[in-house]
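# A closer look at the structure
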Amino acid sequence: MILHTLIDYDALRVIWWLLLGVLLIGFAIMDGFDLGTGMLLPFVARTDLERRVVINTVGPVWEGNQVWLILGGGAIFAAWPPLYAVSFSGFYLAMFAILFALILRPVGFKYRSKREGAAWRTAWDWALFVGGLVPALVMGVAVGNVLQGVPFHLNDELRIFYDGTTLFELLNPYGLLCGLLSVAMLVMHGANWLVLKTEGEVEARARTIGSVAALITALLFVLGGVWLYFGVSGYRIVGEIAKDGPSNPLAKAAELSPHAWFANYAARPWIIAGPFLGIAGALASFAALRARREIGAILASALAIFGIISTVGLSMFPFILPSSIEPRSSLTVWDASSSHLTLFIMLVCAVVFVPVILAYTTWVYRVLWGKVDAKAIADGSGHAY
């Protein structure tokens, strides 16, 4: 017996769809508070010492948190090659903007305190703000465009052609709404992190901003859902599709259909848990902040992130990347994956290494638990930045 046949091909495809969702949610939760902290830096901290406190709340962990981004990108490359090809070529300029912003973060962390001048440090503080804002905004805009369909098609040889032209095409009204939702969501999460890790004026300002961001997150999420129902057509598969067949998107038929993204809720009512958790998590974050329950607040914002991102995946299933030009070219769970053997080998690797990453991450956060000590920063002991 060939070992990889122990798990059916269609089951492996669903498993890797779930794992991709886990990795993306893991990135949003773990690196999300880093991005949110960067966006909040110029607003919650008014003195140089306060800003160093804020930076040192994420200083020991931000590099490790980016492991989730690397894992997500690697999973897309290996498990869903057509998705990687379309997204990384079609969204090239958007990806470049994210990469540039992410590069600003380590440079800002490392160089900010190399000189004493106020202008020097303020410039790097705003660089860290950009390093948080741009990825959060652009990733949200990208999700909004995926829900509307991406302008690409496949020829008979399965070569991919992206028919979009400029970055500004992505900045359509619904895409921008999703971008603002992403920014509000991560600002909420970052504020909850600062409430957990700081004291005094910084904590108070973060609590105020986090409370507002939580309400805005819930409002924008509801607005996005209503807009999606009334103003954005989804996609649906016409006829049958071979769930264990070769990865050939052109072997199916698909079409644009009003309210198609909501059809899964009728077929699988349990997925209503996604939007419920998104709204409930944001409102619970607001309530926990007002009640001064620090751990409860950050757990609630993590729950909101889980609910919001899972809502997108569950609503679109089995579509991964719909084509707005030729719906038949749309990529789905059933026709855009790697081979049966490749998915099995990757699953074995994931089963081995993901628990190691989780265990190591848990240990790191346990060691670094507690508030950042402003006194230790002032006297130059115990903090990196």
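Keep in mind it's a predicted model, so treat the numbers as computed, not measured.

Thresholds, definitions, all that
- Residues numbered from 1 in each chain as written.
- Predicted model: local features only at pLDDT ≥ 70, side-chain atom pairs only at ≥ 80, totals over all residues.
- Heavy atoms only, no water.
- Patch = residues over 30% accessible without salt bridge, like charges linked within 9 Å, V, L, I, M, F, W, Y side chains within 5 Å.
- Areas by Shrake-Rupley, 256 points an atom, 1.4 Å probe, with all protein chains shown as cover.
- Salt bridge = Lys/Arg side-chain N within 4 Å of Asp/Glu carboxyl O.
- Helix = DSSP H or I, 4+ residues; strand = E, 2+ residues; numbered from the N terminus.
- Expected span 1.5 Å × (residues − 1).
- Buried < 20%, exposed > 50% of the residue type's maximum accessible area, 1.4 Å probe, protein only.
- Arc of directions from axis to C-beta.
- Contact = heavy atoms within 4.5 Å.
- Core = buried A, V, L, I, M, F, W, Y, C linked by side-chain atoms within 4.5 Å.

So, on to a nonpolar patch on the surface. A grouping of Tyr92, Leu93, Phe96 and Phe100 is seen on the molecular surface, where their side chains present a nonpolar patch of about 470 Å² in accessible area. Position of Tyr92 relative to the elements: it lies in helix α7 (residues 92-111).

This brings us to helix α5 (residues 67-79). Taking 1.5 Å per residue, 13 residues should reach 18 Å; α5 reaches 18 Å between its end C-alpha atoms and fits that length. Every buried residue of α5 is listed here: Trp68, Gly72, Ala75, Ile76 and Ala79. Angular distribution of buried residues about the axis of α5 spans 100°; they occupy a single face of the element. Relative to its buried face, α5 has exposed residues pointing more than 90 degrees away, namely Ile70 and Phe77. Against α1 (9-30), α4 (62-65), α6 (81-90) and α14 (340-367) lie the buried residues of α5.

Let's shift gears to unusual backbone geometry. Trans peptide bonds make up most of the peptide bonds, and negative phi angles are found at most residues other than glycine. With an omega of 5°, the peptide bond between Phe317 and Pro318 qualifies as cis. With respect to the element layout, Pro318 can be found in the loop between α13 (294-316) and β5 (319-321). Even without being a glycine, Leu158 presents a positive backbone phi close to 65°. Along the chain, the position of Leu158 falls in the loop between β1 (152-154) and β2 (160-162). Phi angles above zero are rare outside glycine, and Arg292 is one such case at about 60°. Residue position: Arg292 is located in the loop between α12 (273-290) and α13.

Turning to the pattern of salt bridges, a few remarks are in order. Following the criterion strictly, the structure yields 12 salt bridges and no others. For Arg51, the salt bridge goes to Asp125, with nearest N and O atoms at 2.9 Å. Within this pair, whereas Arg51 is found in helix α3 (residues 48-58), its partner Asp125 is found in helix α8 (residues 118-148), the two being separated by 74 residues in sequence. A relative accessible area of 14% means that Arg51 is categorised as buried. The exposure class assigned to Asp125 is buried, which follows from its relative accessible area of 1%.

Within the largest apolar cluster, 103 residues are counted, with the highest numbers of intra-cluster contacts made by Trp16, Val44, Trp80, Leu83 and Leu321. For this core, the element with the most residues is helix α9 (residues 173-197), which contributes 15 residues. The residues contacting Trp16, other than those within four sequence positions of it, are Ala75, Ala79, Trp80, Leu343, Met346, Leu347 and Ala350.

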